[in-house]
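Listed below, chain by chain, are the residues.
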Amino acid sequence: MMLPADVANKPRILVIDDEVPIRRFLKTVLEEEFAISLAEGGHAGLAAAVAGKPDVILLDLGLPDLDGIDVLKRIREWSAVPVIVLSVRERESDKVAALDTGADDYLTKPFGVGELLARIRAALRRTMQQSPEPLFTSDGLMVDLALRRVTIADREIQLTPTEYDILRLLVNNAGKVLTHSQILRQIWGIAYLEQPHVLRVNISNLRRKIESDPSRPRHIITEPGVGYRLKTYD
Amino acid sequence: MKLPGSIAGYTAAILLVTVSSVVCEALRPHLNPVNMVMVYLLAVVLAATRLGLKPAILTAFLSVLAFDFLFIPPRFSFRVSDSEYLVTFFGLFVVGVVISSLVTRIKTNSDLIRQQEALTGSLYHLTRELATAIDISGITAALQRAVQRNLALRTLVLVTADDTLHEASGDSAMLTTEANDIARWVVRSGRNAGAGTAAFADNGFHYVPLTASGKVHGVLILEEQGSLLAGQQRMIEAFAGQTAMALERVALGRQAEEARVIRQKDLLERALLNSISHDLRTPLVTITGVLDSLMDESCHFDISKRKQLLATAADEAGRLNRFVGSLLDMTRLEAGALAPALAPCEVEEIIGCAISAVEQRLGTHPLQTDIGEMLPAVQADIVLMTQALVNLLDNAIKYSPESSKILITARHEADWVIIAIHDQGPGIPPGEEERIFDKFYRLMVPEQGGGTGLGLSIVKGIVDAHNGTVKACNRHGGGLTVEVHIPQAAGISPEGSNT
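Residues numbered from 1 in each chain as written. Chains lettered and ligands numbered in written order. Predicted model: local features only at pLDDT ≥ 70, side-chain atom pairs only at ≥ 80, totals over all residues. Heavy atoms only, no water.

Visitor: Can you break down helix H6 (residues 177-189) of chain B residue by residue, with the values?
Guide: All names here are of chain B. Here H6 spans 18 Å end to end across 13 residues, near enough to the 18 Å set by a 1.5 Å rise per residue. Among all positions in H6, only Ala-179, Ile-182, Ala-183, Trp-185 and Val-186 are buried. One face of H6 carries all of its buried residues, which in axial projection span an arc of 160°. What points out from H6, more than 90 degrees from its buried face, is the exposed set Thr-177 and Arg-188. Buried residues along H6 sit in contact with strand E1 (155-161), strand E2 (164-170), strand E3 (193-194), strand E4 (205-212) and strand E5 (215-223). Count one or two residues on from H6 and you reach Gly-190, which has phi positive near 75°. (Helix = DSSP H or I, 4+ residues; strand = E, 2+ residues; numbered from the N terminus. Expected span 1.5 Å × (residues − 1). Buried < 20%, exposed > 50% of the residue type's maximum accessible area, 1.4 Å probe, protein only. Arc of directions from axis to C-beta. Contact = heavy atoms within 4.5 Å.)

Take a look at the structure:
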């Protein structure tokens, strides 16, 4: 499906969802800022992805013709395009499976437009970035990756090497959710996949160091049953 | 009491006449022969009352002979010179017969009455025991005791239940396969069986159906070779009848209770449907109302008014979404499909997730936390436990007055972590602390606020699935505290491991 020439400069978003009202709603809400193409099923979606080369794909996991995970797998065979999956509540395992298969983020229906735009922009930002920014700032938290220095409101924080590694991973994926297994694999290696308490305890310690109220974290957000996300306040 | 017609009776009769003769001989100088007849009359009366009809007749006959032989002139001969002594003979004879028949009749009657009394007494005793028995085993035990007391026979009582026959009381050893089959026949046919009856007469037991209102409620099996006496038979039939009525009473009671439960369930289901319908539709009223009015071109609202309307509609949409979630949670709970994925979790993290979920709804309520230091990890499903805490927080928000403080605490006690939500609302009526977690509490107690109120029962379901407990109690000075007790995760120290 070729896009009209006058929208070619806007980032392209492909929406794959079988519900007419949802496609209509997303198109209306997003077409101001983005060039929207729609597909009503898995096969149509794959074809549209090949033809249109979108910059972000919104993929509904509850498609009738093809399992959302299969669509994702096939896309990942030839493209690293950011994919945000749309799912319903109480399907944490579906979300985790999608994320571990290569989805970048997820949204739980019903979702607000604010959340949607934040995710889309975060996804686009990551693809647009040629090289990662060395300095990350967000509401008083500053992480200088070049100097390996972490400050909260200009006060330096001492982290253990593991705690720093985790924070760095989160910063490099700022705004995006990371599953437990993704973090464990990247920090500790595959052998530690069966020991989530290691991650749990480190996150807890990290929070105690960088959050003003560890029981109401503003930076490191728990996505229950899924993983963690470093929230960005820009 | 000697039986009539026995040798002993006749011997006694002879003895009586002999004694009377001796007495008369002794009194011969002083008595007229006419008066000697009285002595013999006494003998006849004595024989009639004590010895029965035949010995009495013998006594009369022998008395006449003795009297004639010994005392009527010419003495020591049987010559009847005076025909008037024939009258005497006849008189003695008739007296003897009449008195002995009367006596026999009285004795028979009094025996009968005594038997009746015994039966009535036993029946009364049994009826009293049956009246106080509350279930089948009590009833059959009473029957068994009655048979034991009055007839001293081994018994086994079987009762019917949904077309099967099973033991209720008595000697289990009596239930051979043959006995079981015969008992089943008795239930089907409603007739007696066993020794002394027309059916299965060669069997060593008696089988008596316990029938009331034409329905056989059980079978009484008695061990008695040979026929039962009429008196025993009457007694057993009476017992069987009373017992059957008691069993019938229990069966009817159970039916009535089942009907009541079904009716109650129907009422509850109807109330639940109404309530769910209301809770689903109410937010829609606002949402469609707002959207309609904003779409209506004849309505002109300024920007701030539009914002207000839309904010209200958005709130109601959120409420509707949460209610749908509760319904799904409840359905999953009912279906036993909750399946918590228990794993060690940080208490602080669970609380953080719960707070984050309700942040937007806190409104003017200041939220404080007081979480213990070095709490151990708990064995929990973070998604479910977060939902439980969210439900409790939503409750606190809903029921406590604006600007009132909501406090979340967490402390460690033995092998448990106790997370508690404290509000400054109205609390709950004393005595209802456990009932508020009942599934349909709000339906049954609408004064506590309308709506379906699934939140607390979902909390209980989730906490139960964690092998924990949830308790509610009123706070001193007003407000409610709800405590969730969660087991701590095994084997991992509060410090965890730091690699």
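Visitor: Explain the nonpolar core to me, and be specific about the residues and the numbers.
Guide: Side chains of nonpolar character tend, in soluble globular proteins, to be buried together. Residues Ile-351 and Ile-419 of chain B are the most contacted members of the largest nonpolar core, which totals 54 residues. Here this core takes 11 residues from helix H10 (residues 382-399) of chain B, the largest share from any one element. Residues within four places of Ile-351 of chain B in sequence aside, it is in contact with Ser-215 of chain A together with Ile-371, Leu-389, Ile-408, Ala-410 and Ile-419 of chain B. (Core = buried A, V, L, I, M, F, W, Y, C linked by side-chain atoms within 4.5 Å.)

Visitor: So what's going on with the packing of aromatic side chains? Residues and values would help.
Guide: Following the criterion strictly, the structure yields three aromatic pairs over all chains and no others. Both rings, one in Trp-185 of chain B and one in Phe-200 of chain B, keep their centres 5.4 Å apart while their planes meet at 75°; by these two values the pair is edge-to-face. Taken as a pair, Trp-185 of chain B in helix H6 and Phe-200 of chain B in the loop between E3 and E4 lie far apart in primary sequence, 15 residues in all. On the basis of relative accessible area, Phe-200 of chain B is assigned to the partly exposed category, the value being 35%. For the cation-ring pair, Arg-218 of chain A lies above Tyr-233 of chain A, with the distance from its terminal atom to the ring centre recorded as 4.7 Å. (Phe/Tyr/Trp six-rings, centres within 6.5 Å; stacked < 30°, edge-to-face > 60°. Lys NZ or Arg CZ within 6 Å of the ring centre and 35° of its normal.)

Visitor: With reference to specific residues and values, describe the environment of Thr-211 of chain B.
Guide: Residue and element names in this part refer to chain B. For Thr-211, the position within the fold is in strand E4. Assessed through its relative accessible area of 33%, Thr-211 is described here as partly exposed. Put simply, Thr-211 and Gly-190 are 21 residues apart on the chain and 7.3 Å apart in space, counted from C-alpha to C-alpha. In this view, Thr-211 contacts Val-216 and Ala-244; residues no more than four positions away in its chain are not counted.

Visitor: Explain the sheet that holds strand E6 (residues 135-138) of chain A residue by residue, including any values.
Guide: All names here are of chain A. The four strands are arranged E6-E7-E8-E9 in an open sheet whose pairing can be described as antiparallel. Edge strands, defined here as strands with exactly one partner in the open sheet, are E6 and strand E9 (155-157). Direction aside, neighbouring strands of the sheet carry axes that sit 20° apart on average. As defined by bridge partners, strand E7 (residues 141-144) adjoins strand E8 (residues 149-152) across four bridges and the pair is classed as antiparallel. Pairing of Val-143 across the sheet is with Val-150, part of E8. (Pairing = 2+ DSSP bridges. Axes fitted to C-alpha atoms, helices over the stretch in contact; angles between N-to-C directions.)

Visitor: Describe in detail the packing of helix H7 (residues 180-188) of chain A against helix H8 (residues 196-210) of chain A, supporting the description with residues and values.
Guide: Residue and element names in this part refer to chain A. Orientation of H7 relative to H8, taken along the N-to-C sense of each, is 90°, at an axis distance of 10 Å. It follows that H7 is roughly perpendicular to H8 by the angle criterion. Where H7 abuts H8, its residues His-180, Ile-183, Leu-184 and Trp-188 lie against Pro-196, Val-198, Leu-199 and Asn-202. Considering only residue class, the contact of H7 with H8 consists of six nonpolar, two polar and no charged. (Parallel < 35°, antiparallel > 145°, perpendicular 65-115°, else oblique. Nonpolar A, V, L, I, M, F, W, Y, C, P; charged D, E, K, R; others polar.)

Visitor: Explain the pairing of strand E12 (residues 480-487) of chain B to me, using residue names and the numbers behind them.
Guide: Each regular strand displays side chains that alternate between the two surfaces of the sheet. Residue and element names in this part refer to chain B. A large share of E12 lies buried, amounting to eight of its eight residues. The pairing of strand E10 (residues 416-422) with E12 spans seven bridges and is classified as antiparallel. The partner of Ile-421 across the bridge, within E12, is Val-482. In this sheet, E12 lies alongside strand E11 (residues 469-474) in antiparallel orientation, the contact comprising six bridges.

Visitor: Which residues make up the pattern of salt bridges, and what are the values?
Guide: In this structure the tally under the stated criterion is 34 salt bridges over all chains. Across the pair Arg-218 of chain A and Asp-139 of chain A runs a salt bridge whose closest N-O atoms are separated by 2.9 Å. Placement of the pair is Arg-218 of chain A in the loop between H8 and strand E11 (220-223) and Asp-139 of chain A in the loop between E6 and E7, with a sequence separation of 79 residues. For Asp-139 of chain A, a relative accessible area of 39% gives the class partly exposed. Here Asp-111 of chain B and Arg-114 of chain B are joined by a salt bridge, their closest N and O atoms 3.3 Å apart. Note that Asp-111 of chain B and Arg-114 of chain B are positioned in helix H4 (residues 84-132) at a spacing of three residues, about one turn of the helix. (Salt bridge = Lys/Arg side-chain N within 4 Å of Asp/Glu carboxyl O.)

Everything listed is a geometric property; what it means functionally is a separate question.
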